[in-house]
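A closer look at the structure
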Amino acid sequence: MNFLQFAFNNVRRNARAYFAYFLSSAFMVMIFFTYAIFIFHPGITQSEIGRMTRIGMEVAEYIIFVFSILFVLFSIGSFLKARSKEFGVLSLLGATSGSINRLIFLENLIIGAGAIAAGLAGGLLLSKLFLLLSTKVTGIERLPFYWPWKAMGFTTVAFLLLFVVLSIFTLVFVRKNRVVELLGGSSKPKTEPRVSWVLALLGVALLASAVMLLKGGNSLDFMKMMLAAATGIWGTYFFYTQVTVALIRLLKRSRRLLWRGTRLLWISEMAYKIKDNARMLFMVTVAISLACMSVGVILAANAQNERIYKANPFAFTYGIYNEDFVEKDLAWIDQQLSERGIRYETVEQESFFGYIGSSEMYVNVLPRSDYNKAAELLGTQGLPKIGPGQAIAYAMEGSATANALKGATLPLSLSFLEQPLELELLPNEVPLTGISSNISVVVLSDADFTKLKNGMTEKKQNRLYRNMKIYIPDWQRKGVPRLQDPEVVIGKQLFQGMMERLDQDETGNYMSSRGRTFAEAREQLSMLSFVGIFIAAIFSISSASFLYFKLYSELNQDRRMYHSLSKIGLSDREMRYSSSLQIALLFFIPVAISGIQTMVVLSLLGTRFLLGNVTVPVLTASGAFWAAQLLYFVVVRSRYVVQLKRVMV
């Protein structure tokens, strides 16, 4: 038997330990390869949406590769630690450090080559389905199947280099240990976990600082967000390495709580497991948090896009910036709609754009008469009388402006006024929020609005905006339109026609389409969903693999412990309960922490980035990860308990 056969037999005999690592690596290669198939497709650059999707997938490729580096590095380190006793025996039998390093290198290459081959095979089998699905999701017309030689070569070279470089790098785990230490393996006695109360308090302070930075309101900028992310990540690290140990220590002080059933066993053991696995739990938490936040943002943005569409009853808004073109533009719009047999009605409005307080979100400032004309057209209740210095304001639930409408006064800033207006805010009794394409509306009395208009200087007359709202009764629906519905198709056509007129100097005005705006946002979010869902799947599967590897490296130690405890009366049922509870805590603590972090972060940023109410999206995303983690837990727990049951007396 030559050296290569010896390495191959080692991999085959340890197939149970390497199987999860092999499958996870193959899955990463497969996803990377399928994205590469899309990126190198010859027809991808023929449309604008195709180019945008390609950029998104290139970003996804970088994310997958970086995460693959961390995953392989951690996995190889865990396996080397678990096999340290085996390497010690080989050293006693005469194997040199060079031979052991060569053995480890060959084993890693065998597993890596197998994962690359399996990933490429799986990617080829699913490539046709992937291209078909990508055209449906992203809106690209057609992407026929082709032989992706470039994608295969790119994927093979990238992951082959990854496995080779990391295999060389991880050899330091073995070379620095002496034979006696290797023979000891994982059986060395562990010291009691220690806690630094200073670092524990620092971890709590860092997490609190991250929350306070995100609550910076309208002064929040990119640097503050990056600082909040850094403090949050370091706070999470100290939470696992210090805070959890401190909490378990406090828990162990209560004898009444601790000395009941198997609590003494699993609580004492969890102190060691969490301390030993702190870095791994930290990595898993960060990975799941990033994935959960990404999914939550996409779901929240999609829900907000639907809310904005439903809140706007007008199919088109024609903005008037140059009076010279109004007559021709209205004639062109009438011609376009009449040729398609579309019946419509219009209402004209005058407005200012302003801000509420220090908010950076626009509000549309209207006179009461214009508001009531639109309400009459829509068949809804008009506004009651508004007195001088008073206002009625409306904002979509979950928007930044909605939080500013909770007081008795309304500080309204207008671009042509040096000082903001302090208005008395009347109660909101008319549930009409979609009078404008903007999501927030402030309605003044006609007298106050006219006074503001008459007080404008000639240079600032352009701060008064006129627009024409076009209402189409046949396009009113309870839900949102499909991308092939007439509102979306015709909306895109009329918008494009108006933009062509603008380019040819046939108009100086602008027309927006409710259906086109909704459809474009839906298409972009669909592309992000398509890219993000596979990255989230990789993070989820890899996190489960991290936990599996760590549990496997501690299996022999747990076998010895439960074998000894069974001799003094520990039953099979108590063993299953204790071990299952410990595994469950390792699997579900990161998901719980990730869910809390996602809820806090998106709740604080939701109003600023127009995400609306994020509770349902966050619960949906967290629930998906809980379900996936539950599946992994059931599989891993069953295999682990079977191994422990074999050593029970």
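Computed from a prediction, not measured in an experiment: that's the story for all the values here.

Another aspect to go through is the pairing of strand β5 (residues 409–414). Residues L410, L412 and L414 point to one face of β5 and are all buried, whereas T409, P411 and S413, pointing to the other face, are not buried. When strand β2 (residues 345–356) meets β5, the two strands line up antiparallel, connected through 3 bridges. Residue pairing across strands places G354 opposite L414, the latter belonging to β5. For β5 and strand β6 (residues 421–425), the ladder comprises 4 bridges, and the chain directions are antiparallel. By the bridge assignment, L410 is partnered in β6 with L423.

Let us look at empty space enclosed by the protein. Scanning the model with the defined rule gives 4 cavities of 30 Å³ or more in all. The space that makes up the second largest cavity amounts to roughly 50 Å³. In this structure, the second largest cavity is lined by K273, L551, D558, Y562, S579, Q582, I583, L586 and Y640. With 4 residues, the single largest contributor to the lining of the second largest cavity is helix α21 (residues 572–606). Residue composition of the lining of the second largest cavity, by class: 5 nonpolar, 2 polar and 2 charged.

Ranked by internal contacts, the top residues of the largest apolar core, which has 88 residues, are Y21, V72 and F587. Examining the composition of this core, we find that 15 residues originate from one element, helix α19 (residues 514–553), more than from any other. Discounting chain neighbours no more than four positions away, the residues touching F587 are L547, L551, Q629, Y632, F633 and V636.

Next up on the list: α21. For α21, which comprises 35 residues, the first-to-last C-alpha distance of 49 Å matches the rise-based estimate of 51 Å (1.5 Å per residue) to within 8%. At F588, α21 shows its maximal kink, close to 30°; a proline, P590, follows between one and four residues later.

Quick look at the pattern of salt bridges now. Under the definition given, this model contains 10 salt bridges. One salt bridge in this structure joins E350 and K453, with 3.0 Å as the shortest N-O distance. Taken as a pair, E350 in strand β2 and K453 in helix α17 (residues 446–454) lie far apart in primary sequence, 103 residues in all. The partner of E520 in a salt bridge is R516, and the shortest N-O contact between them spans 2.9 Å. Pair noted here: E520 and R516 are both in helix α19, with a separation of 4 residues, about one helical turn.

In this section: the packing of helix α13 (residues 278–311) against helix α22 (residues 615–645). Across the interface, α13 lies against α22 with an axial gap of 8 Å and an inter-helix angle of 140°. Taken as axis vectors, α13 and α22 run oblique relative to one another. The handedness of the crossing between α13 and α22 comes out as right-handed. Here α13 contributes I288, A291, C292, V295, G296, L299 and A300 to the contact with α22, which in turn contributes P617, T620, A621, S622, F625 and Q629. Broken down by class, the residue content of the contact of α13 with α22 amounts to 9 nonpolar, 4 polar and no charged.

Cut-offs and rules
- Residues numbered from 1 in each chain as written.
- Predicted model: local features only at pLDDT ≥ 70, side-chain atom pairs only at ≥ 80, totals over all residues.
- Heavy atoms only, no water.
- Buried < 20%, exposed > 50% of the residue type's maximum accessible area, 1.4 Å probe, protein only.
- Helix = DSSP H or I, 4+ residues; strand = E, 2+ residues; numbered from the N terminus.
- Pairing = 2+ DSSP bridges.
- 1 Å grid on protein atoms, 1.4 Å probe; cavity = no way out; pocket = protein on both sides within 12 Å on 5 of 7 lines; lining within 4 Å.
- Points joined across faces, edges and corners; volume = space filled by probe spheres on them.
- Nonpolar A, V, L, I, M, F, W, Y, C, P; charged D, E, K, R; others polar.
- Core = buried A, V, L, I, M, F, W, Y, C linked by side-chain atoms within 4.5 Å.
- Contact = heavy atoms within 4.5 Å.
- Expected span 1.5 Å × (residues − 1).
- Bend = angle between axes of the 7 residues up to and from the residue.
- Salt bridge = Lys/Arg side-chain N within 4 Å of Asp/Glu carboxyl O.
- Axes fitted to C-alpha atoms, helices over the stretch in contact; angles between N-to-C directions.
- Parallel < 35°, antiparallel > 145°, perpendicular 65-115°, else oblique.
- Left-handed = near helix turned anticlockwise from the far one by under 90°.

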